[in-house]
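Structural features, examined
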Amino acid sequence: MNATAQSSIPSGLPGVVNLWNRFKGGLTFRLQVGLCVVTSVLIIGFGYYDYSSAQKDWNYQLTELVDRVSLRIATASAGPLWSINMQQVVETIKSEMSDENLLAVEVRELREDKGGVFVTMTRQHDGTVSLTQKFESRSPISRMRMISYEGHDIGTATVHVTNAGMKRQMQTIFRQILIRIIVVNVISLAIIWLIMSRSRRIEEENNELRRHLQNIFNSMPSSLLAMDSHAIVTQMNRQAELMLGNTLDDSKGEPVADVLTIFPQAVPLIEEAAKTGQALQHRLEKTDDKGVLTHYEIHVFPLENALGCVVRLDDVSMRVRIEEMMIQNEKMNSVGMLAAGMAHEINNPLAIIAQACQNIERRLSDSLPKNKEVAELLGVDLLQLNRYLTDRQIYTFLENIKNAAARASNIVQDMLAYSRKSESRFAPCDVSELVDHAIRLSEGHYDLKKKYDFKHIEIERRYDTSVPPVACDKTKIEQVLINIIENAAMALMQSASVRPPRITISTKGAEGVVRIEIRDNGPGMDETIRKRIFEPFFTTKPVGVGTGLGLSVAYFIVKEQHKGNIEVESTIDVGTRFLIELPIDPRKVGSP
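Residues numbered from 1 in each chain as written. Predicted model: local features only at pLDDT ≥ 70, side-chain atom pairs only at ≥ 80, totals over all residues. Heavy atoms only, no water.

Next up on the list: the sheet that holds strand β9 (residues 293–302). Judged by pairing direction, the sheet is antiparallel, and its five strands sit side by side in the order β7-β6-β10-β9-β8 without closing on themselves. One side of each edge strand has no neighbouring strand; the edge strands of this open sheet are β7 (233–236) and β8 (280–287). The mean inter-strand angle of the sheet, taken between neighbouring strand axes irrespective of direction, is 25 degrees. Examined bridge by bridge, β8 and β9 share eight bridges and lie antiparallel to one another. Among the inter-strand pairings, Gln281 is bridged to a residue of β9, identified as His299. (Pairing = 2+ DSSP bridges. Helix = DSSP H or I, 4+ residues; strand = E, 2+ residues; numbered from the N terminus. Axes fitted to C-alpha atoms, helices over the stretch in contact; angles between N-to-C directions.)

Here you go:
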């Protein structure tokens, strides 16, 4: 169809076409067509019955009319026709042709001595009646009667009737049948349309509700499975598909034992819950191909009236780790309190040792008068004694004892400072002193289980003396530095490289920030590990060695609490570089 033809379509026709296309096809269309055919056949059947009855009645009426009129005309025309009074015959015929069903009347005189006079009166197309010379019969019904006068047959009277009225009546009946067909079919289609529209609206609402429920089902973070009373899977959400590795189409209609193949121990729980009608909860464990242990929690909820049950599976590995970390944190708090008490107790003997060393040196000095006096009294030569002590490195031993006591005292002081509860107050701190303090704390660590000792690692410091003080929480930044330094030390001790292990720590000022760089020459890490290095509970250390929280906590402290930045770069067999940026004034970038 071209554009011109399309433009000539009435405005209402596209709506009809759309309605036709909407109902065309499928069960709805067949139902409508079938109903229309049935109603049309019934209406036509009843119409045909009416038509047959009307036709019979009409034929009977016309026959009766012909008989009646022909009898009256033959009776009324007998006298005038005997006297050849044709005018009176004409008047008699006119009076009888008032009925519109009469088509023509012929009166013919049969006596030979009268010359065969006849009168023909015909109804014209406009309904008028007039005399004609002859009549061409086109009437389906006619009747001829003999006209008798005093026992003599003197003529004939022929009456012709028309079936035009019957045709009109038949046309009326046909129109009524057509109108009935149209009206009944329109009403039927309207009823069907209303019913189907209501059904379609209900179906759309049900589909919308089903989609809404499915969306809710799929948006749940837990893995959900629904099954009937025979433990046949009927529904599962997207999370369950990801966990089980099967789609709903593959799992629907399958026994739950064939679907939960990765959790065979869950099937008896489901059967027990379905049997008892009581909800059950249980912890499950699963080890993957890489040996990683994952903890799951299963909840089985029986449906009412024993119609089945719903199974919920949750990965609770993080919750288990957090629970373990909370227990470990409580232990560490206890250890911290114990360490603080021990540090106080250790300080006293350390002070006595340091003081004793000083007193020994003082009592051996030849410059003090009291020492000379006692030596002369006992006959001891102090010069020879000091030479002996020097040759035998006794003074060296005393100096080592003093240094060791001083170092132990510093370690105790650092432990006390680190174990104190932080009040999360920001104060200006010298970055170099902050890093040195973190190094001293780390150097005091020796872990046989983790197999590292700072005595075998070279610490190289590269400080920028022009770096201004940084407003920060000293204890938390120390925690960040210690975590990174200890991780570097462990990596260096586990490396098979022949290079001397080295950790280089440098500080440098930039625009509004201070940069702390911690670099090691260890084994490095690949890109996959580097991308996940700050994830909570992610660790490459063996089970029982690391928790995977150190660097994630460091990331939180730097990024969230100090509004800074921390990033890592690493190259296999070259080393790893951590870069920490702390704003000099955090208030300019937001409150901590």
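To continue, consider the packing of helix α15 (residues 431–443) against helix α16 (residues 474–494). Angle between the axes and distance between the axes: these two values describe a pair of packed helices. At a minimum axis distance of 9 Å, the contact between α15 and α16 shows a crossing angle of 55 degrees. In terms of their interaxial angle, α15 and α16 are classed as oblique. As α15 packs across α16, the resulting crossing turns out to be right-handed. Counting all contacts with α15, which are made through Leu434, Val435, His437, Ala438, Ile439, Leu441 and Ser442, the residues of α16 involved are Lys474, Ile477, Glu478, Leu481, Ile482, Ile485 and Glu486. (Parallel < 35°, antiparallel > 145°, perpendicular 65-115°, else oblique. Left-handed = near helix turned anticlockwise from the far one by under 90°. Contact = heavy atoms within 4.5 Å.)

Attention now moves to the nonpolar core. Formed by 39 residues in total, the largest nonpolar core has its most connected members in Leu481, Ile484, Ile503, Ile505, Ile516, Ile518 and Ile580. Of all the elements in the fold, those that place two or more residues in this core are α15, β15 (470–472), α16, β16 (502–509), β17 (513–520), α18 (550–561), β18 (565–571) and β19 (575–583). Top contributing element to this core by residue count: α16, with nine residues. Those residues in contact with Ile505 that lie beyond four places of it in its chain are Val435, Ile439, Glu460, Arg461, Arg462, Tyr463, Ile485, Ile516, Glu517 and Ile518. Among the nonpolar cores identified, the runner-up in size contains 24 residues, and Ala78, Val90, Met121 and Ala157 belong to it. (Core = buried A, V, L, I, M, F, W, Y, C linked by side-chain atoms within 4.5 Å. Buried < 20%, exposed > 50% of the residue type's maximum accessible area, 1.4 Å probe, protein only.)

Next up on the list: the sheet that holds strand β14 (residues 458–462). The mixed open sheet is built from five strands, whose spatial order is β14-β16-β17-β19-β18. A strand with exactly one partner marks an edge of an open sheet, and here the two such strands are β14 and β18. The average undirected angle you get between the axes of adjacent strands in this sheet is 15 degrees. Bridge count for β16 against β17 is seven bridges, and the pairing is antiparallel. By the bridge assignment, Thr507 is partnered in β17 with Ile516.

Turning next to the pairing of strand β1 (residues 102–109). The buried count for β1 comes to seven of eight residues, which makes it a mostly enclosed element. Where β1 and strand β5 (residues 152–161) come together, seven bridges link them in antiparallel fashion. When the sheet's bridge partners are listed, Arg108 is paired in β5 with Thr156.

What follows covers the packing of aromatic side chains. Applying the stated criterion to the full structure yields three aromatic pairs. Note on Phe263 and Tyr296: the rings are 4.9 Å apart at their centroids and 75 degrees apart in plane angle, and the pair reads as edge-to-face. Within this pair, whereas Phe263 is found in the loop between α9 (256–259) and α10 (266–276), its partner Tyr296 is found in strand β9, the two being separated by 33 residues in sequence. Of the two residues, Phe263 and Tyr296, neither departs from the other in class, the shared state being buried. Where Phe534 meets Tyr555, the ring centres are 5.1 Å apart and the plane angle is 40 degrees; that geometry is what we call tilted. Of the two residues, Phe534 sits in the loop between α17 (527–531) and α18 while Tyr555 sits in helix α18, which places them 21 residues apart along the sequence. Overall, Phe534 belongs to the buried group, its relative accessible area being 17%. (Phe/Tyr/Trp six-rings, centres within 6.5 Å; stacked < 30°, edge-to-face > 60°.)

Turning to the pairing of β16, a few remarks are in order. In this sheet, β16 lies alongside β14 in parallel orientation, the contact comprising five bridges. From the neighbouring strand, Arg461 faces β16, where its bridge partner is Ile505. Taking the residues that link successive antiparallel strands as the turn, the β16-β17 hairpin has three residues, and the phi of Gly512 there is positive, at about 75 degrees.

One rule of thumb: low pLDDT means the predicted coordinates there are not for detailed reading. Model confidence for the protein chain is summarised by a mean pLDDT of 77, while 80% of its residues fall at 70 or above. Throughout residues 1–13 the model reports pLDDT below 50, and contacts reaching past four residues in sequence, or to other chains, amount to three contacts. (pLDDT = per-residue confidence, 0-100.)

Applying the stated rule across the entire model yields zero disulfides. Cys472 provides the cysteine sulfur closest to Cys429, a residue in no disulfide bond, and the two sulfurs are 4.0 Å apart. (Disulfide = S-S within 2.5 Å.)

Overall, the coordinates contain 15 salt bridges when judged by the stated rule. Its salt-bridge partner being Glu208, residue Arg211 comes within 2.8 Å of it at the nearest N-O pair. Linking Arg211 with Glu208, this pair stays in helix α6 (residues 164–219), spanning three residues, or about one helical turn. Relative accessible area serves as the criterion here: at 46%, Arg211 is assigned to the partly exposed category. (Salt bridge = Lys/Arg side-chain N within 4 Å of Asp/Glu carboxyl O.)

By secondary structure assignment, the location of Phe217 is in helix α6. Measuring from C-alpha to C-alpha, the distance between Phe217 and Arg238 comes to 8.1 Å, with 21 residues separating the pair along the chain. Apart from residues no more than four positions distant in its own chain, Phe217 is found in contact with Leu224, Gln235, Met236 and Asn237.

Moving on, we get to unusual backbone geometry. Among all residues save glycine, negative phi is the norm, and among peptide bonds the norm is trans. Located in the positive-phi region is Ala231, a residue other than glycine, with phi close to 60 degrees. When you line up the elements, Ala231 lands in the loop between β6 (223–227) and β7. Backbone geometry places Lys563, a non-glycine residue, at a positive phi of 55 degrees. Following the sequence through the fold, Lys563 ends up in the loop between α18 and β18. A relative accessible area of 33% means that Lys563 is categorised as partly exposed.

Moving on: the packing of α16 against α18. The geometry of α16 relative to α18 is characterised by a closest axis approach of 9 Å and an angle of 145 degrees between their N-to-C directions. Crossing angle aside, the handedness with which α16 passes α18 is left-handed. Contacts between α16 and α18 involve Lys476, Ile477, Gln479, Val480, Asn483, Ile484 and Asn487 from the former and Gly550, Leu551, Val553, Ala554, Ile557, Val558 and Gln561 from the latter. For the contact of α16 with α18, the residue count by class is eight nonpolar, five polar and one charged. (Nonpolar A, V, L, I, M, F, W, Y, C, P; charged D, E, K, R; others polar.)

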